[in-house]
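# Structure assessment
Here are the chains, one letter per residue:
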Amino acid sequence: MPRSRAKTATTSDAVVAAEGAGDAGERPEYRIEALAKGLRVLSLFDEQRPSWRVSDLAAATGLPMPTVYRVIMTLTAEGYLDHLPNGDYRPGVRTLTLGTAALRSLDLVGIATPKLQDLGTRTKETVNLAVLTGDRVLYLVRLRNSDLVTANIQVGSTLPAVHTSIGKLLLAHLDAGDLESRISEASFAANHGPNAKLSLAELRTEFAVIREQGWAIQDEELAYGLRSVAGPITGADGRVVAGVNLAVQARDWSPQRIVRELRPVVLATCAEISSLLAHGA
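Residues numbered from 1 in each chain as written. Predicted model: local features only at pLDDT ≥ 70, side-chain atom pairs only at ≥ 80, totals over all residues. Heavy atoms only, no water.

## Observations regarding the overall build of the protein
Just so we agree on the cut-off: Working definition: helices are DSSP H or I runs of at least four residues, strands are E runs of at least two. Numbering for both runs from the N terminus. Think of it in three bands: residues with accessible area under 20% of the maximum for their type are buried, residues over 50% are exposed, and the middle band is partly exposed, with areas taken using a 1.4 Å probe on protein chains only. Whether two residues touch is decided by their heavy atoms; if any such pair falls within 4.5 Å, the residues are in contact. Computed by Shrake-Rupley with a 1.4 Å probe, the accessible areas treat only the displayed protein chains as cover when residues are assessed.
Scanning the protein from N- to C-terminus turns up 10 helices and eight strands. Taken across its 281 residues, the protein has 40% of its residues classed as buried. When contacts within the protein are restricted to residue pairs at least 6 apart in sequence, long-range pairs at least 24 apart make up 55% of them. Summed over its atoms, the accessible surface of the protein is roughly 15,400 Å², and 55% of this surface lies on carbon and sulfur atoms.

## Here's the deal with helix H2 (residues 33-42)
Owing to its 3.6 residues per turn, the α-helix aligns residues three or four sequence positions apart on the same side. Considered for burial, the residues of H2 that qualify are Ala36, Gly38 and Val41. Residues of H2 that are buried in the fold lie against helix H3 (54-61) and helix H4 (65-77).

## Considering the pairing of strand S3 (residues 126-133)
A regular strand places its side chains so that they alternate between the two faces of the sheet. Basically, it comes down to this: We treat two strands as partners when DSSP finds at least two bridges between them.
For S3, a buried count of seven out of eight residues is recorded, marking the element as mostly surrounded by other parts of the structure. Judged from the five bridges that link them, S3 and strand S8 (residues 240-249) form a sheet pairing that is antiparallel. Within the sheet, the bridge partner assigned to Asn128 lies in S8 and is Asn245. As paired elements, S3 and strand S4 (residues 136-143) share seven bridges and run antiparallel to each other. Bridge assignment links Val131 to a residue of S4, and that residue is Leu138. Linking S3 back to S4 in an antiparallel pair, the connection comprises two residues, with Gly134 at a positive phi of about 65°.

## Some details on the packing of helix H7 (residues 165-172) against helix H9 (residues 200-213)
Heads up, the rule is: Lines fitted to C-alpha atoms define the axes, with helix axes restricted to the stretch in contact, and inter-axis angles between N-to-C directions lie between 0 and 180 degrees. An angle counts as roughly parallel when it lies under 35 degrees, as roughly antiparallel when it exceeds 145, as roughly perpendicular when it falls between 65 and 115, and as oblique in every other case. Ten residue types, Ala, Val, Leu, Ile, Met, Phe, Trp, Tyr, Cys and Pro, are classed as nonpolar, four, Asp, Glu, Lys and Arg, as charged, and the remainder, Gly among them, as polar.
Between H7 and H9, the least distance of the axes is 9 Å, while the angle of their chain directions is 80°. In this view, H7 runs roughly perpendicular relative to H9, as classed from their interaxial angle. Seen from H7, the contacting residues are Lys168, Leu169, Leu171 and Ala172; seen from H9, they are Leu203, Glu206, Phe207, Ile210 and Arg211. Looking at side-chain class alone, the contact of H7 with H9 contains six nonpolar, no polar and three charged residues.

## Quick look at the side chain of Ser165
The residue Ser165 is located in helix H7 in this model. Taking the relative accessible area as the measure of exposure, Ser165 reaches 0% and is therefore buried. The residues touching Ser165, leaving out its near neighbours within four places in the chain, are Ala216, Ile217, Gln218, Ser228, Val229, Ala230 and Asn245.

## As for the packing of aromatic side chains
Our working rule: Geometry of aromatic contacts follows a simple scheme: Phe, Tyr and Trp rings, the Trp one being its six-membered ring, pair when their centres are within 6.5 Å, and the pair is stacked under 30 degrees between planes, edge-to-face over 60, tilted otherwise. To sit over a ring, a charge needs its Lys NZ or Arg CZ within 6 Å of the ring centre and within 35 degrees of the ring normal.
If you walk through the whole model with that rule in mind, you get zero aromatic pairs. Cation over ring: Arg49 sits above Trp52, and NZ or CZ is 3.8 Å from the ring centre. Lying across the ring of Trp253, Arg257 places its NZ or CZ 3.6 Å from the centre.

Here it is in structure tokens:
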């Protein structure tokens, strides 16, 4: 009988530990260093550099070459990395599957998608839903009009926030400290359109206007021939958590026509999604 009680206590302790795992960020004893190193390596792969050599990964992470090599071999064996003929490694299919599952699990995506589909059907233009990550916008939903000629943007893509309508909208709602910590000279270094602003100082006046009017426009700042207008999505607490835009060809849409015809429907869609989020729909 004492043995049985001891066994029950041990099982109970294990359950408590498992239930408390959600607090692992505050409990160092639950940190798995090998996993953390693997995640550090995976986080380096992005659109700007989709493939890496082992030596470059070691230099970028500051980890010893043998450690990085073991991490790479493990990730490759599990399908999270692919080994290319030139010796580089790139994210594998399992990474894509994991990312897609994460996006689909977001309440925002599930709630917003029907409204965004309706917006695309009504306007026949490209619809995007994105959030801010660092100094870039991450696309969660993209419903593309096949006539739109632009970069190969898809779900999971990121673009410089300073050159996009959604990005400017979200940056405009950050507090001063957060804005300063996110935006640097490097934020403006990517390829851009002819009307792009090239410093935070140039954008500050526009941010004030965006906050006051409640929407943002991009006029050939991201790429030549591309314009867009974006509205905010707010969470239950009233904070701006995401943005929706309509992207159009500049040859068909002047800025004035965009403001007159597309801005109202974008803002109406954003208001509907925000209302659903607020009520937990």
